[in-house]
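Residues per chain are reported as follows:
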Amino acid sequence: MTDREANRFSARAARYARVGANMSGRGGAFCRRALSGMDLDRGKSAIELAAALGGLKGPIMKVAQLISTIPDALPPEYAAELAKLQSQAPPMGWSFVKRRMMAELGPDWQRKFASFEHHPAAAASLGQVHRARAHAGDELACKLQYPDMQSAVEADLQQLQWIFAIHRRMDPAIDTTEIATEIGERIREELDYRRELKHAMLYGAMLGGIDLIRVPRPWPELSTGRLLTLDWLEGRRLLEHRTDALESRNRLATAMFTAWWFRSAATA
């Protein structure tokens, strides 16, 4: 069966046009004000830039998220707004969700859940998460990929390659070739939800006996290449623990190192 969302030239061309229009509109407003010598309201400009990038989704938005985590890389107003894109990006509406779920699980998809929340619990660069409940009572997290992400990713990665090429001409001391390659490989991996499901199963088996770490159980019967369903785990974002007591932060660091150590040992 033909994959209607495979990487296609028509979809890539549409992505190029959308990125150009979006960034020359809301996202470019702050650039025009700065170049014209007008007083720059950095708070307003940061909101405009975050809105433009959030509406685009895909790798361009993900790179913005990454930059926001680098200390002093951006003014604090921009870093704060772009950091919100990590879990508070503009979500797709319920009509999109219904069409997407029907395409992934069939026309009777709602019957496969006891309940399914209309509003996403989180929305990021490549997909959004909806909370649901299985008929057995288990709380579920359903991660749904945005449409045409494969084409969007390839279009965005090409544009990032152009940006990096310009950077190399301006500053040849830093070779950005490997940076672009690494970004491309990691983002392409993120698009494969079947791969992510297998990894969840693997890490569940590897780390299942460690009290410090909880790995959500995958639900293969409710997952596809663009829909990943896992157990819902309550928690808080990592950055919210910055001011916790030292004992709590040490416990988090120990859990992260333990997970990394077992992963490294398994792939060595």
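Look up a bit, the structure's there.
Residues numbered from 1 in each chain as written. Predicted model: local features only at pLDDT ≥ 70, side-chain atom pairs only at ≥ 80, totals over all residues. Heavy atoms only, no water.

Q: Before we move on, could you go through unusual backbone geometry and cite the residues and values that matter?
A: With a phi close to 55°, D148 is a non-glycine residue in the positive phi region. With respect to the secondary-structure elements, D148 resides in the loop between strand 4 (139-145) and helix 7 (149-170). (Helix = DSSP H or I, 4+ residues; strand = E, 2+ residues; numbered from the N terminus.)

Q: I'd like a rundown of the side chain of T258, residues and numbers included.
A: Among the secondary structure elements, T258 is positioned in helix 10 (residues 246-267). Classification of T258 by relative accessible area gives buried; the value is 16%. Excluding residues that lie within four positions of it along the chain, T258 makes contacts with I210 and I213. (Buried < 20%, exposed > 50% of the residue type's maximum accessible area, 1.4 Å probe, protein only. Contact = heavy atoms within 4.5 Å.)

Q: Which residues make up the nonpolar core, and what are the values?
A: M101, L105, F113, F116 and L140 are the most contacted members of the largest nonpolar core, which totals 25 residues. Elements represented by at least two residues in this core include exactly helix 6 (94-105), strand 4, helix 7 and helix 8 (177-190). Aside from chain neighbours lying at most four places away, what touches F116 is W94, V97, M101, W109, H130, R131, A132 and C142. Counting residues in each nonpolar core, the second largest holds 5 residues, with Y193, L197, L228 and L230 among its members. (Core = buried A, V, L, I, M, F, W, Y, C linked by side-chain atoms within 4.5 Å.)

Q: Before we move on, could you go through the pattern of salt bridges and cite the residues and values that matter?
A: If the charged atoms of two oppositely charged side chains come close together, the side chains can form a pair. The final tally for this structure, using the stated rule, is 12 salt bridges. The closest approach of N and O atoms between D138 and R217, which form a salt bridge, is 3.0 Å. Residue D138 is located in the loop between strand 3 (127-133) and strand 4, and its partner R217 is located in the loop between helix 9 (193-207) and strand 5 (227-231); the two are separated by 79 residues in the primary sequence. According to the relative accessible area criterion, R217 is partly exposed, its value standing at 40%. Taking the shortest distance from any N to any O, the salt bridge between R237 and E240 comes out at 3.4 Å. The partly exposed category is assigned to R237, whose relative accessible area is 41%. A residue is classified by how much of its surface remains accessible, and E240, at 36% relative accessible area, is partly exposed. Overlapping salt bridges bring together R131, R133, E139 and E234 as one network. (Salt bridge = Lys/Arg side-chain N within 4 Å of Asp/Glu carboxyl O.)

Q: Tell me what's going on with a nonpolar patch on the surface, and back it up with residues and numbers.
A: Judged by side-chain polarity, F257, W260, W261 and F262 come together as a nonpolar surface patch covering roughly 470 Å² of accessible area. With respect to the helices and strands, W261 occurs in helix 10. (Patch = residues over 30% accessible without salt bridge, like charges linked within 9 Å, V, L, I, M, F, W, Y side chains within 5 Å. Areas by Shrake-Rupley, 256 points an atom, 1.4 Å probe, with all protein chains shown as cover.)

Q: Before we move on, could you go through the pairing of strand 3 and cite the residues and values that matter?
A: As paired elements, strand 1 (residues 115-116) and strand 3 share 2 bridges and run antiparallel to each other. Across the sheet, S115 pairs through a bridge with R133, a residue of strand 3. Judged from the 2 bridges that link them, strand 2 (residues 122-123) and strand 3 form a sheet pairing that is antiparallel. Bridge assignment links A123 to a residue of strand 3, and that residue is Q128. Linking two consecutive strands that pair antiparallel, namely strand 2 and strand 3, is a turn of 3 residues. (Pairing = 2+ DSSP bridges.)

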